[in-house]
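# Coordinate inspection notes
Letter by letter, the chains look like this.
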Amino acid sequence: MEEKEIQEQQNIEEIIEEELDMAKALEMERAMKAQQEAQSPHIDEFKVTEEKPKVRDIDFILDIPLELTVMIGRTRILVQELLQLTQGSVVALDKLAGEPMDVYVNGKLIGRGEVVVVNEKFGIRITDIISPQERVKQLA
């Protein structure tokens, strides 16, 4: 009799295990469906409108200060040469006399020009502005 009871107990345990497995499988299936629903975004259809793009008014940036620099030329010297400079010393630069000067705005080259004197002050006459494509290349 004990064998029958043990056999029945094992059968009951197997049935309970199978029911638990089925319940777990159903729960996993529900979770997967919920996850799929959460992951699939709803995308509205693209609608073509007749509106023209709005032109942005640039007045709000017109009063931003910029630093304009004119580069006459460059050179490299040793610290020893720097310490030997005195009033009246001449430092040779890499540009030739009459060669256009580089014009920078906020450290970016925007064009070239020639030096002029206006009311006893130096100035620069812009002779060349670099193209927008060249300006974009400088940003990289």
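As the structure is a computational prediction, the values presented were derived from the model and not from experiment. (Residues numbered from 1 in each chain as written. Predicted model: local features only at pLDDT ≥ 70, side-chain atom pairs only at ≥ 80, totals over all residues. Heavy atoms only, no water.)

In this section: the overall build of the chain. A tally of helices and strands in the chain yields 3 helices and 4 strands. Start at the N end of the chain and walk to the C end: the helices and strands fall as α-β-α-β-β-β-α. The 140 residues of the chain split such that 7% are buried. For the chain, restricting intrachain contacts to residue pairs at least 6 apart in sequence, the fraction spanning at least 24 positions comes to 28%. (Helix = DSSP H or I, 4+ residues; strand = E, 2+ residues; numbered from the N terminus. Buried < 20%, exposed > 50% of the residue type's maximum accessible area, 1.4 Å probe, protein only. Contact = heavy atoms within 4.5 Å.)

What follows deals with the pattern of salt bridges. A full pass over the atoms with the stated rule returns 4 salt bridges. Residue R112 is joined to D102 by a salt bridge in which the shortest nitrogen-to-oxygen separation is 3.3 Å. Placement of the pair is R112 in strand β3 (residues 108-118) and D102 in strand β2 (residues 101-105), with a sequence separation of 10 residues. Look at R112 and you get partly exposed, because its relative accessible area is 29%. (Salt bridge = Lys/Arg side-chain N within 4 Å of Asp/Glu carboxyl O.)

A word on the sheet that holds β2. Spatial strand order, β1-β2-β3-β4: 4 strands in an open sheet with antiparallel pairing. Each end of this open sheet is capped by a strand with a single partner; those strands are β1 (68-71) and β4 (121-129). Each neighbouring strand pair of the sheet contributes to a mean axis angle of 40 degrees, computed without reference to strand direction. Relative to β3, β2 runs antiparallel, the two sharing 5 bridges. (Pairing = 2+ DSSP bridges. Axes fitted to C-alpha atoms, helices over the stretch in contact; angles between N-to-C directions.)

A grouping of I58, F60, I61, L62, I64 and L66 is seen on the molecular surface, where their side chains present a nonpolar patch of about 650 Å² in accessible area. Mapped onto the elements of the fold, I58 is located in the loop between α1 (2-39) and β1. (Patch = residues over 30% accessible without salt bridge, like charges linked within 9 Å, V, L, I, M, F, W, Y side chains within 5 Å. Areas by Shrake-Rupley, 256 points an atom, 1.4 Å probe, with all protein chains shown as cover.)

The phi angle at N106 is positive, at roughly 50 degrees, despite the residue not being glycine. Locating N106 in the fold gives a position in the loop between β2 and β3. Non-glycine residue N119 carries a positive phi angle of around 50 degrees. Structurally, N119 is set in the loop between β3 and β4.

For the rest of this paragraph, the subject is the confidence of the model for the chain. When pLDDT is averaged along the chain, the result is 83; 84% of the residues meet or exceed 70. Taken element by element, the predicted model of the chain shows its lowest mean pLDDT in α1 (77) and its highest in helix α2 (residues 79-84) (94). (pLDDT = per-residue confidence, 0-100.)

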